[in-house]
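Here's the letter readout for the chains.
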Amino acid sequence: MEQYVLETSDLTKTYGNYSAVDGVSLKVPQCSIYGFLGANGAGKSTTMKMVLGLIKPDRGSIRVFGRPFPQERTRILRRVGALIESPSYYGHLTGYQNLRIVAKLMDVSESQIMETLEWVRLENQADKKVKHYSLGMKQRLGIAMAIVHRPKLLILDEPTNGLDPSGIQEIRSFIKSIPEKFGMTVLISSHLLHEIEQIAEHVGIIHEGQLIYQDTLASLQEKGGDLPLERIFLEMTGQGRSL
Amino acid sequence: MRKLIAAEAAKTQWILIAFLIAVDLLVNMSLGISDLDMLQEYYAANWPHFLMVVYNFHTMFFFPLFSGILAALLCSYEHRSGGWNQLLVMPYSRTRMYAAKYIMLAMILAVIQLTFIGAAVVTGFLTGVEGNMDLGMVIISAFSGWISILPLAALQLWFSSRLSSFGIAFSLNVACVLPNIVLSGLHSLYGMWFPFVLPFYAMMPQGTPFAPRVDELSLYVWIGISLAAAFLLGSRSFQKKIIT
């Protein structure tokens with residue numbers, strides 16, 4: 001049986017009559033990059049926030065590292081890193097100070113802070129206030145803050161949103177190297193098909209709150225035969241709008 | 001818990017707090033010195049009268065106002081730029097996160113109170129206030145002033161954790177300290193229900209012309225009850241806080 005790092009079952013969140021997330025059962029295998037794909041408003045962020053305990057689900061269960069969430073919330077969150085609706089930062093502090101606050105709360109050594117700063121290539125900007133950072137630098141700092149304690153599961157919600165093409169390329173190359181370099185499993189959401197196509201091995205497609213596909217990217221390609229991926233997605237979601 | 005408090009301390013803009021303290025000291029000490037000269041025909045220039053003048057604006061306006069400004073400041077770091085997301089996915093219970101913010105707020109208020117009292121004593125000696133200073137009374141008034149601000153601080157943190165606008169929080173606080181002018185004249189049994197006036201009742205030196213009429217037992221029982229209630233309700237509301 002395959003070991004899942006994250007497994008949700010029948011996860012549901014309703015706001016009034018509107019189902020933001022409807023019976024989602026995610027299965028994220030270990031040490032993969034799992035692309036969570038869906039149009040804006042499809043329920044990606046809500047699902048991720050439920051997994052992190054920021055929103056309480058109406059129904060369903062969550063298991064992380066095989067343990068129930070939120071019953072073992074603190075224990076689980078020690079081994080989870082997250083960048084949600086980024087960038088999150090304290091603008092009046094420097095990049096280094098931002099990282100230090102997280103490091104303090106997570107019991108991380110000074111050398112690991114420096115190592116992380118170097119890895120996201122912010123070591124020369126570490127003493128600059130974050131409010132003066134460019135969006136790309138803020139995003140790199142966000143990733144540094146999410147991985148400074150070397151979590152086993154990294155959750156990234158649209159990490160390339162709003163970046164210019166070179167910034168997107170940069171973040172993408174960081175994310176791609178994470179599973180191998182740090183042994184982390186990555187759950188990344190995006191509304192851009194070609195982005196997920198370039199980095200993910202597994203893919204889950206959410207449409208109007210429902211998970212309509214979940215498997216490896218390769219088997220999705222197989223399933224579509226000669227059709228280009230974009231076509232397969234559009235047919236699945238039954239809409240002409242671009243993902 | 002210590003780590004959470006240390007993280008709060010690392011975020012805090014101490015320079016702003018130093019500025020608030022400087023304003024508090026400058027205004028109240030100069031009032032104390034000038035009033036001591038001006039009012040000599042009415043009052044003896046002794047310690048109780050000097051402290052009465054120095055305490056007056058601090059207890060009535062500055063101290064309650066600062067509790068609001070500081071609570072808003074401590075929460076503003078999270079209200080800006082997705083900070084709640086960042087904090088609430090940390091492996092600590094929300095109760096502890098909320099308590100850490102409250103302890104930080106209470107500690108800063110203690111620092112303000114200590115600096116204020118220290119400055120009052122030094123200023124009094126430098127300007128040559130007559131007679132002996134009752135050190136016990138000064139220490140007790142400093143301590144009871146701090147205790148009496150704690151329910152208001154809990155209330156402020158509750159609202160600040162919900163309310164993201166620093167500007168609105170500040171304006172509301174300014175509006176809320178103004179009724180103190182009237183309420184401070186009432187007996188504590190009638191005025192103590194309004195949390196902004198509590199430091200005035202607790203700190204003003206008794207036996208002086210500005211001293212309020214205070215029933216200590218009911219005052220401190222109410223301070224205890226309202227502190228527990230405001231903190232628990234605030235913490236409960238924080239548990240349910242939803243990040244949108």
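Residues numbered from 1 in each chain as written. Chains lettered and ligands numbered in written order. Predicted model: local features only at pLDDT ≥ 70, side-chain atom pairs only at ≥ 80, totals over all residues. Heavy atoms only, no water.

### Focus on helix α4 (residues 110-119) of chain A
All names here are of chain A.
Here comes step 1: For α4, the complete set of buried residues consists of I113, T116, L117 and W119. Buried residues of α4 fall within an arc of 160 degrees about the axis and therefore sit on the same side.
Here comes step 2: Lining the buried residues of α4 we find α3 (95-105), α5 (135-147) and α6 (165-182).
Here comes step 3: Backbone geometry just after α4 places R121 at a positive phi near 55 degrees. (Buried < 20%, exposed > 50% of the residue type's maximum accessible area, 1.4 Å probe, protein only. Helix = DSSP H or I, 4+ residues; strand = E, 2+ residues; numbered from the N terminus. Arc of directions from axis to C-beta. Contact = heavy atoms within 4.5 Å.)

### Let's talk about α3(A)
Here comes step 1: Of all 11 residues making up α3(A), eight are buried, and the element is well covered by its neighbours.
Here comes step 2: When we look at burial in α3(A), the residues that qualify are A:G95, A:Y96, A:N98, A:L99, A:I101, A:V102, A:A103 and A:L105.
Here comes step 3: Residues of α3(A) that are buried make contact with α4 and α5 of chain A together with α1 (2-11) and α4 (83-88) of chain B.
Here comes step 4: One or two residues past the end of α3(A) sits A:D107, with phi positive at roughly 60 degrees.

### Digging into the domain arrangement of chain A
Residues and elements named next belong to chain A.
Here comes step 1: For chain A, the assigned domains are domain 1 (1-79 + 152-243) and domain 2 (89-150).
Here comes step 2: Computed over C-alpha atoms, the centres of domain 1 and domain 2 are 25 Å apart.
Here comes step 3: Each partner contributes to the interface: domain 1 provides 19 residues, whereas domain 2 provides 15 residues.
Here comes step 4: Together, the buried faces of domain 1 and domain 2 total about 1,500 Å²; carbon and sulfur atoms form 69% of this surface.
Here comes step 5: Ranking the residues of domain 1 by area buried against domain 2 places R78, F174 and F182 at the top, with a combined share of 37%.
Here comes step 6: The tally of links from domain 1 across to domain 2 stands at two salt bridges. (Domains from an automatic or database assignment. Buried area = accessible area lost by both parts, 1.4 Å probe. Salt bridge = Lys/Arg side-chain N within 4 Å of Asp/Glu carboxyl O.)

### Comments concerning the packing of helix α8 (residues 217-224) of chain A against helix α9 (residues 229-237) of chain A
All names here are of chain A.
Here comes step 1: Running from N to C, α8 and α9 cross one another at 85 degrees; their axes reach a closest spacing of 10 Å. In terms of orientation, α8 and α9 fall into the roughly perpendicular class. Here α8 contributes L220, Q221, K223 and G224 to the contact with α9, which in turn contributes L229, I232, F233 and M236.
Here comes step 2: Class assignment of the residues belonging to the contact of α8 with α9 gives a composition of five nonpolar, two polar and one charged. (Axes fitted to C-alpha atoms, helices over the stretch in contact; angles between N-to-C directions. Parallel < 35°, antiparallel > 145°, perpendicular 65-115°, else oblique. Nonpolar A, V, L, I, M, F, W, Y, C, P; charged D, E, K, R; others polar.)

### Observations concerning the interface of chain A and chain B
Here comes step 1: With 25 residues of chain A at the interface, the matching set in chain B holds 27 residues.
Here comes step 2: Across the chain A/chain B interface, buried area totals approximately 2,300 Å², and carbon plus sulfur atoms make up 60% of it.
Here comes step 3: It is A:L54, A:Y90 and A:L105 that lose the most area in chain A upon contact with chain B, and together they represent 29% of the buried surface on that side.
Here comes step 4: At the boundary of chain A with chain B, the tally comes to one salt bridge.
Here comes step 5: Of the charged contacts, one joins B:K3 and A:D107 as a salt bridge, the two residues approaching to 2.8 Å between their closest N and O atoms.
Here comes step 6: Taken together, the links from chain A to chain B amount to eight residue pairs in polar contact (both at pLDDT 80 or more).
Here comes step 7: Counting only elements with at least two residues in the side of chain A that touches chain B, the list comes to α2 (73-77) and α3 of chain A.
Here comes step 8: No other element matches the four residues that α3(A) contributes to the side of chain A that touches chain B.
Here comes step 9: For the side of chain A that touches chain B, the class distribution of residues is 15 nonpolar, four polar and six charged. (Polar contact = N/O pair within 3.5 Å; in protein donor to acceptor, adjacent residues only side chain to side chain.)

### Here we look at the packing of helix α5 (residues 94-126) of chain B against helix α6 (residues 135-162) of chain B
All names here are of chain B.
Here comes step 1: Running from N to C, α5 and α6 point in directions that differ by 145 degrees, and their axes come no closer than 9 Å. In the crossing of α5 with α6, the sense of the turn from one axis to the other is right-handed. For the pair formed by α5 and α6, the contact residues are Y98, K101, Y102, L105, A106, L109, A110, Q113, I117 and V121 on the first element and V138, S141, A142, G145, W146, I149, L150, A153, A154, L157, W158 and S161 on the second.
Here comes step 2: A per-class count over the contact of α5 with α6 returns 17 nonpolar, four polar and one charged. (Left-handed = near helix turned anticlockwise from the far one by under 90°.)

### Things to note about the sheet that holds strand β9 (residues 185-190) of chain A
Strands belonging to one sheet form pairs held by backbone hydrogen bonds; the direction of such a pair is parallel or antiparallel.
Residues and elements named next belong to chain A.
Here comes step 1: An order of β7-β8-β9-β4-β10-β11 is seen for the six strands of this open sheet, with the pairing classed as mixed. Looking along the sheet, the strands with just one partner apiece sit at the ends: β7 (80-83) and β11 (210-216). Here the strands of the sheet are splayed against their neighbours by 15 degrees on average, with no regard to which way each runs.
Here comes step 2: Pairing between strand β8 (residues 153-157) and β9: five bridges, direction parallel. Its bridge partner lying in β9, I155 is registered against L187.
Here comes step 3: Sitting on the sheet, α5 is in contact with β7 and β8, with an inclination near 160 degrees to β7. (Pairing = 2+ DSSP bridges.)

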